[in-house]
Amino acid sequence: LIRRFIPSFTLTDVRSLFIMSAAGMVAAALSATAAAMLLGESFDMPFAELWWARWSRDAVGMLLFLPLVASFDLEPLKRFLVRPDAKLLAAAVELFAAFALLFVIFALIVVGDWFASPTLFAPILLWIALRAGIFPTAAAAATIGVGIVVSSAHDAWPMLLTAAETPETIRSLQLRVILVALPPLVVAVVVGERARARRQLDDALESMADAFALYDAGGRLVLCNPRYSAFLSRVADVLVPGIRYEELVREGARRGLYPDAPAAEAEAWIADQVAAHRAGGASEVQLADGRWLQAIARPTADGGTVDVRRDITERKLLEEAIEHMAMHDALTNLPNRAMFYRELERALARAEREPCRVAVILVDLDRFKDVNDAFGHASGDQLLVAVANCLIDCVRTDDLVARLGGDEFAVIAVSKEATDGFAALARRIVHRLRERVRLGGIEIEPGASLGMTVFPDDPGGLDELIGHADRALYAAKRMGGGSWSLFDQEMAGGRLGSPRLCDDLGGALERREFDLEYQPIVGISSLEVIGFEALLRWNHPRRGRLPASSFIKAAERSPAIMPLTRFVLERALGQQRTWRDLGDWPVWVNLAPRCLRWDGLSEIVARELAVSGVAPSRLMLEVTESSFVDLERAEGRVVTLRRLGVGLALDDFGTGYSSLGRLRALPMDVLKIDRTFVGDLTRNERDRAVVRAMVALGVNLGLTPMAEGVETSTQLRDLRRCGCVWAQGHLFARPMPPHALASWLAAWEARRRLHPEDDLLKRDADGGRLA
Amino acid sequence: MWGQVLSSGTSARAVGCAIAYLAAGILGVAFTREAGAMAIFWPANALLLGLLLRMPPRDYPVIVATCTLASVVAASLGFSDSPLVGVTRAALNIFEVAAAII
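Reference entry: report on the structure contained in this document. (Residues numbered from 1 in each chain as written. Chains lettered and ligands numbered in written order. Predicted model: local features only at pLDDT ≥ 70, side-chain atom pairs only at ≥ 80, totals over all residues. Heavy atoms only, no water.)

## Considerations on the interface of chain A and chain B
And then number 1: Facing the 41 residues of chain A at the interface are 34 residues of chain B.
And then number 2: Summed over both sides, the interface of chain A with chain B buries roughly 3300 Å², with 70% coming from carbon and sulfur.
And then number 3: Put simply, chain A and chain B have 0 salt bridges between them.
And then number 4: At the junction of chain A with chain B, the criterion picks out 8 residue pairs in polar contact (both at pLDDT 80 or more). (Contact = heavy atoms within 4.5 Å. Buried area = accessible area lost by both parts, 1.4 Å probe. Salt bridge = Lys/Arg side-chain N within 4 Å of Asp/Glu carboxyl O. Polar contact = N/O pair within 3.5 Å; in protein donor to acceptor, adjacent residues only side chain to side chain.)

## Observations concerning the side chain of B:Ser71
Residue and element names in this part refer to chain B.
And then number 1: By secondary structure assignment, the location of Ser 71 is in helix H4 (residues 60–78).
And then number 2: A distance of 3.5 Å separates a polar atom in the side chain of Ser 71 from a polar atom in the side chain of Asn 93.
And then number 3: In this structure Ser 71 touches Tyr 21, Ala 90 and Asn 93, once residues within four positions along its chain are discounted. (Helix = DSSP H or I, 4+ residues; strand = E, 2+ residues; numbered from the N terminus.)

## Focus on the sheet that holds strand E3 (residues 281–286) of chain A
All names here are of chain A.
And then number 1: Reading across the sheet, the 5 strands line up as E2-E1-E5-E4-E3 and stay open at both edges, with antiparallel pairing between neighbours. If you trace the sheet from one side to the other, it starts and ends with strand E2 (221–224) and E3, each paired once. Taking the axes of each pair of neighbouring strands and ignoring which way they run, one obtains an average angle of 20 degrees across the sheet.
And then number 2: Judged from the 6 bridges that link them, E3 and strand E4 (residues 292–299) form a sheet pairing that is antiparallel. By the bridge assignment for E4, Gly 281 is matched with Ala 297. (Pairing = 2+ DSSP bridges. Axes fitted to C-alpha atoms, helices over the stretch in contact; angles between N-to-C directions.)

## Points about the sheet that holds strand E11 (residues 448–455) of chain A
Residues and elements named next belong to chain A.
And then number 1: Here 5 strands make up an open sheet; going across it, the order is E7-E8-E6-E11-E12 and the pairing mixed. With partners counted over all chains shown, the strands left at the sheet margins are strand E7 (400–405) and strand E12 (484–486), one partner each. Taking each pair of neighbouring strands and ignoring which way they run, the sheet shows an average axis angle of 20 degrees.
And then number 2: Note that strand E6 (residues 357–365) and strand E8 (residues 408–415) share 8 bridges and pair antiparallel. Opposite Ala 359, over in E8, you have Ala 413 as the bridge partner.
And then number 3: Its contacts with the sheet place helix H18 (residues 462–478) against E6, E11 and E12, and it is angled at close to 145 degrees to E11.

Given below as structure tokens:
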């Protein structure tokens, strides 16, 4: 019975005591029944009397001794002997005193003829039960029980001296013993149960990662764990059970625990805190030491409050980091586009409330791509950081500098002064960004163009203002870079357009908005036509006919670049086939730098050649120097193209940063000297020396040197003197539509035959042009 | 098997229980009033039950057998019963303990 219900046979709770006692009673009843049946004759007693006598003696034994054996525990004694401490010693002394009192009372009854009632022991037994635990209580109860029974058996117990021994008096004695022993045992078990529950609760609370406190209905602290004290370390000394939450908050505010607590209206703030605590809910509080707490107050059923506090500092820091990352550029740590928009919105809202102006300045680096291509992305990144620092130096503390992406930066400046101040700021930025920046072992002049618009002089909304600043930036770019431009309404209506052509590019091919023009390339000595360069034109529905230079960068950033390249190849090769009757000149086609990143470029070229039936040698592909200065793979693709048999020209030579070693490794046919060198050719000897060196370099590398942008006969003469072989430019012909090719060719050949070369140069010296 | 049952630990426990049971029995007998043949209280059964519950069940047979013998001795020491009555008393005591523990 006992094993089934109390497997560990320990007196851990009242239920165990009850089951143990009940099992003893039942077993005694069974045994008494058997005894009454078997031994009735031997004792010469009626069944019932024998049964009661037998059952009661066993039941008393069970009630007194079974709890004693069950709770037998020498562990505290061992602990005391091994490591005696003051607490255990005090408990031992107290227990000894209690037992001594029991013996004194017993002696007074037995020897001193005192009033003989077992209930005299009850207070001492209860004292032991409340203070010492189950085993001392069971031991004391058993001792008293045995003492009473022994003294009764030997006529020492006063009660039995006055009454004859009858079954009734014996039952009465047994009952009294049980009544004395059992209640203290129950009390001891209950106290032990509660103590154990409290220990378990304390263990749980102490092992909790969160701070925990329980307040009663009156707002008084009932209990809290050490972490709660640690959280409220500034008031830990007053954090004792019984203190009211209101006092705690007041003391905390007085000691600076809550940095948000207003000094002026402290009482109102405290009242709010107390009310919120009573009502329950979650809140987040930052402590004076910077830590963040999440406080969760929950009302209990009896009107109290459970207060749980959690250290969320780490989470808060993470959130702040994430928010920072979401709003800032990782490289420069400047606000990003999202934050720029948010701050601009705020600035505009402020400008509508207050008399102030908001300048939106967009900054675009003029040579970032070149730096990136020439020195690698690491240098490009360094440059962006340097530019960011430079911009921060230029603006006031209240202004905002943001990186919108790539080499685009933006500034929001708010001022109550006239626009002149913003103009000065723009000039300052342009000036500072003209200064050379040292990146590792190289010096770079970043150069930047600025577009600015000022609200409310420009009364647009947020997007409009940015669009206007963009137009102004574009205008500055068109001025050659290194300058700034303030938006005006002419820009809005003019043909400057927006650099945001990417959007318009989508579908432009399907709408047949592109076509090609052709510009001849001639031999400088013979003035014979060498070939024609195909030049892409975009008939933009709003902006008119645009040259490739105005949209090719946008196209490169868009998915349209691949179909556009295919279109150019297809058209140009088709045209080459058409003009075969006039002459089998090669057609020159420009490849955008991004094209050299495609794995399938050579396949596309081969397919277009096959479709058109044009011999590969009749196609000259122009690639800019910057296409492969930073792309090792691009070199491989150039080699693959070369294997197809097509000609290759290195375009814009001199504007990039290609090394001579790399130049030698490239399988090029033509070296196309950039127009900027040709433009300066006639100005001084130094520029001529540069062109001469470039020509010599090309010749030495087995390349045909060629000049572009030749506009005057003087340039042509100088180029010839420098040894340049081919030339291209307005001096010979502007780009022309395909249908004009035949007439131009006829005219050109006629002039070439009719006018000797010297005559041609002479004509130009007079100011005339050939075409 | 008996070697395992009568291991030194089991034997020691059985002897210890028997001594405790005998002492408790003598105590119970000693309290019996001259006029009656029944003790006022009987701690031996409670003691044996408690001890058995704290011991491994495999020791029960040996301990119970040893304590039965001790019970007979205790009964014969305190009461002038016939041997049959003494054995019956002892058997009833062990039955009580067994009824509670099973």
